[in-house]
Amino acid sequence: YYQKSLLHASIFIMRFMGIDYGTKRIGVALSDENGTLSFPKEIVLNDINTFKRLREIIKKENVEEIVVGESVDFKGKLNVLSARIEIFILELQEKFMLPVRKQKEFLTSVEARRYENNNHRQGRGPAVSGGKLNPSQAHSKIKQIKSGRIDAGAAALILQRYLDKINHSSRA
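What counts, and at which threshold
Residues numbered from 1 in each chain as written. Predicted model: local features only at pLDDT ≥ 70, side-chain atom pairs only at ≥ 80, totals over all residues. Heavy atoms only, no water. Helix = DSSP H or I, 4+ residues; strand = E, 2+ residues; numbered from the N terminus. Buried < 20%, exposed > 50% of the residue type's maximum accessible area, 1.4 Å probe, protein only. Contact = heavy atoms within 4.5 Å. Pairing = 2+ DSSP bridges. Right-handed = clockwise from strand over helix to strand, strands pointing away. Phe/Tyr/Trp six-rings, centres within 6.5 Å; stacked < 30°, edge-to-face > 60°. Lys NZ or Arg CZ within 6 Å of the ring centre and 35° of its normal. 1 Å grid on protein atoms, 1.4 Å probe; cavity = no way out; pocket = protein on both sides within 12 Å on 5 of 7 lines; lining within 4 Å. Points joined across faces, edges and corners; volume = space filled by probe spheres on them. Nonpolar A, V, L, I, M, F, W, Y, C, P; charged D, E, K, R; others polar. pLDDT = per-residue confidence, 0-100. Salt bridge = Lys/Arg side-chain N within 4 Å of Asp/Glu carboxyl O. Core = buried A, V, L, I, M, F, W, Y, C linked by side-chain atoms within 4.5 Å. Axes fitted to C-alpha atoms, helices over the stretch in contact; angles between N-to-C directions.

1. Thoughts on the overall build of the protein
(1) Moving on: Of the regular secondary structure elements, the protein holds five helices and five strands.
(2) Moving on: Along the protein, helices (α) and strands (β) appear in the sequence α-β-β-β-α-β-α-β-α-α when read from the amino end.
(3) Moving on: Taking all 172 residues of the protein together, the buried fraction comes to 37%.
(4) Moving on: Look at the contacts in the protein between residues 6 or more apart in sequence, and 66% of them connect residues 24 or more apart.

2. A look at the pairing of strand 5 (residues 100–105)
(1) Moving on: Of the pairings in the sheet, the one linking strand 4 (residues 63–71) to strand 5 comprises six bridges and is parallel in character. In the sheet register, Val68 faces strand 5, and the bridge partner there is Lys102.
(2) Moving on: What joins strand 4 to strand 5 is helix 3 (residues 82–96), and the crossover it makes is right-handed.

3. Details of the packing of aromatic side chains
The relation between two aromatic rings is expressed through the spacing of the ring centres and the mutual angle of the planes.
(1) Moving on: Overall, the coordinates contain four aromatic pairs when judged by the stated rule.
(2) Moving on: Members of the aromatic cluster, each reached through a chain of ring pairs, are Tyr21, Phe51, Phe88 and Phe96.
(3) Moving on: The positively charged end of Lys95 is found above the aromatic ring belonging to Phe51, 5.1 Å away from the centroid.

4. Section: empty space enclosed by the protein
(1) Moving on: Inspection of the entire model under this criterion finds one cavity of 30 Å³ or more.
(2) Moving on: Of the volumes computed, that of the largest cavity is approximately 30 Å³.
(3) Moving on: Contributing to the lining of the largest cavity are Glu70, Ser71, Leu78, Ser82, Ile85, Glu86 and Lys102.
(4) Moving on: Grouping the amino acids of the lining of the largest cavity by side-chain chemistry returns two nonpolar, two polar and three charged.

5. Some thoughts on the confidence of the model for the protein
(1) Moving on: Scored by pLDDT, the protein comes out at a mean of 76, with 65% of its residues at no less than 70.
(2) Moving on: The least confident element of the protein, judged by mean pLDDT, is helix 1 (residues 2–11) at 46; the most confident is helix 2 (residues 50–60) at 97.
(3) Moving on: Counting interchain partners and residues more than four positions distant, the pLDDT-below-50 stretch residues 1–11 has one contact.
(4) Moving on: Scored below 50 in pLDDT, residues 116–131 makes 21 contacts in the model with residues more than four places away or belonging to other chains.

6. Some points on the pattern of salt bridges
(1) Moving on: The full count for this structure, using the stated rule, is nine salt bridges.
(2) Moving on: Between Glu56 and Arg53 there is a salt bridge whose closest N-O contact spans 2.9 Å. One end of the pair, Glu56, and the other, Arg53, are both in helix 2, three residues apart, so they sit about a helical turn from each other.
(3) Moving on: A relative accessible area of 37% means that Glu56 is categorised as partly exposed.
(4) Moving on: The exposure class assigned to Arg53 is partly exposed, which follows from its relative accessible area of 29%.

7. Brief notes about the nonpolar core
(1) Moving on: Among the nonpolar cores identified, the biggest contains 21 residues, and Met17, Ile19, Leu54, Ile66 and Leu92 are the most heavily contacted of them.
(2) Moving on: Among the secondary structure elements, those contributing two or more residues to this core are strand 1 (15–20), strand 2 (25–31), helix 2, strand 4 and helix 3.
(3) Moving on: Considering each element in turn, this core owes the most residues, five residues, to helix 3.
(4) Moving on: Sequence-distant contacts of Ile19, defined by excluding residues within four places in its chain, comprise Ile26, Gly27, Leu54, Ile66, Val67, Val68, Gly69, Phe88, Leu92, Ala155 and Ile158.

8. Re the sheet that holds strand 2
(1) Moving on: Sheet architecture is open: five strands sit in the order 3-2-1-4-5, paired in mixed fashion. Every other strand in the sheet has two partners, leaving strand 3 (38–45) and strand 5 as the edge strands with one partner each. Each adjacent strand pair in this sheet contributes to an overall mean axis angle of 30°, direction not counted.
(2) Moving on: Here seven bridges tie strand 2 to strand 3, and the two strands are oriented antiparallel to one another. Bridging from a neighbouring strand, Gly27 pairs with Ile43 of strand 3.
(3) Moving on: Where helix 2 meets the sheet, it contacts strand 1, strand 2, strand 3 and strand 4, and its direction lies at approximately 150° from that of strand 3.
(4) Moving on: Lying over the sheet, helix 3 contacts strand 1, strand 2, strand 4 and strand 5, oriented at roughly 170° with respect to strand 4.

And the structure:
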């Protein structure tokens, strides 16, 4: 009975996926089961395997809705990355048959970088693994880890803003 209840309960879990699109890396975040909080998940390289990896995450995490950051400039207007994001959104809709929403994003990477820098100063910075590295390799590795965290953190900020908006409007 217990296993049956767990299986039954897991069917009704709905998660949102947040995406911070970049030409090299795509930050991915997920919501909790209640759709109230977002958490950085990972970085997906923007390459030939992008949609394969996103499909794996969507399936494993029971994602039912995707939120993509809509890139705008300082005046709130669409910028040069916007056209690429629109194409990416169309591909998401076609490949996954899920609702894809847009959430305006402005300086989310800057905000995520600020949080990352605060965490690093408080001793929660990235750990460097992989054996002995010379100082240049260590710096490169730390920069790579931080970039990944920043992209995933930006995706979490985008998703959180969307969740706050829909949760606030459903209570009003």
